[in-house]
Amino acid sequence: MYKRLIKLLSCFIPDRKLRRKFREKFSPKNSVISDKGKNNRLIILDDDGNETDSKYIKNLKIYFEGDNSEFRFYQSTYFDSEVIICCKSNVCISMGKNLYAGSFLFPICVNDNVNLIIGDNVLLGETSIYLCDEPGLKVEIGDDCMFSSDIIIRPSDGHAILNYETKQPINYPQNIKIGNRCWIGKGVRILKGADIPDNSVVGMGSIYTRGSNPSDTTVLNGWGVFIGTPARLDKTGITWDKKNTYDYLKDKERNQIKI
């Protein structure tokens, strides 16, 4: 009703530019730019996980092109630059609270039956998640993760590789899972079938594939560093902190942190 009233009042403004500015200023903000389907939902939660009346996250623009999709965001979500999501049917996107995305790059189109789940307290640098190549893709990122820049996550190769004799595909897509409290370095590529254990560090420029997954996570002693192309387990028995070494040591000297 309120939106219709604003539109009606704007009709009395003769100048087209001023009329558009009037509508933009007084119309209620909504991240859903277009909904061409049915049963689509954008849910905004407060810090306690309760659904709010808001339908707006700054810099987020959603185009529903299909049916039965559900997006869940917290009010604390922060996108530093514009994020455009154009999705088909049966898409589920869920992002935890205190998500900070410095430059979160989404493909303009998300395919059918796609799932993207991101946990709480995640810091995303320049991160591209490819969910447009084919239906049924799934990417899961745990809590307290930190991503650097120029990172690509791709659960599908995008094109088929075939057995020469049978002409059947041999490179089907596979889900990607990144555990809790993982630090992903600059320029890392995470490919289909990757299952990065909790508390891992993946070094700069590494390519983490299905073959990088450790067969026995107990060897990590809780923590591990993976480096290389393809990435391999390089160190165990470590931990990490968001501070640089200088600031970390200063805090340690002041007895402000525990080891």
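Structure first, text after, so check above.
Keep in mind that this is a model prediction, so the values were computed, not measured.

## With respect to a nonpolar patch on the surface
For step 1, the next point in the chain: A cluster of nonpolar side chains, namely Tyr78, Tyr100 and Leu123, defines an oily patch on the protein surface of about 260 Å² accessible area.
For step 2, the next point in the chain: Considering the arrangement of structural elements, one finds Tyr78 in strand E5 (residues 78-79).
For step 3, the next point in the chain: Look at Tyr78 and you get partly exposed, because its relative accessible area is 38%.

## Here's the deal with the pairing of strand E4 (residues 70-74)
For step 1, the next point in the chain: Sheet analysis places strand E2 (residues 41-45) next to E4, joined by five bridges and oriented parallel. By the bridge assignment for E4, Leu45 is matched with Tyr74.

## Thoughts on the packing of aromatic side chains
For step 1, the next point in the chain: All chains considered together, the criterion is met by six aromatic pairs.
For step 2, the next point in the chain: Ring geometry for Trp183 versus Trp240: centroids 5.7 Å apart, planes at 45 degrees, classification tilted. One end of the pair, Trp183, is in strand E16 (residues 183-184); the other, Trp240, is in the loop between strand E22 (231-236) and helix H3 (245-253), with 57 residues separating them in the sequence.
For step 3, the next point in the chain: Overall, Trp183 belongs to the partly exposed group, its relative accessible area being 33%.

About the thresholds
- Residues numbered from 1 in each chain as written.
- Predicted model: local features only at pLDDT ≥ 70, side-chain atom pairs only at ≥ 80, totals over all residues.
- Heavy atoms only, no water.
- Patch = residues over 30% accessible without salt bridge, like charges linked within 9 Å, V, L, I, M, F, W, Y side chains within 5 Å.
- Areas by Shrake-Rupley, 256 points an atom, 1.4 Å probe, with all protein chains shown as cover.
- Salt bridge = Lys/Arg side-chain N within 4 Å of Asp/Glu carboxyl O.
- Helix = DSSP H or I, 4+ residues; strand = E, 2+ residues; numbered from the N terminus.
- Buried < 20%, exposed > 50% of the residue type's maximum accessible area, 1.4 Å probe, protein only.
- Pairing = 2+ DSSP bridges.
- Phe/Tyr/Trp six-rings, centres within 6.5 Å; stacked < 30°, edge-to-face > 60°.

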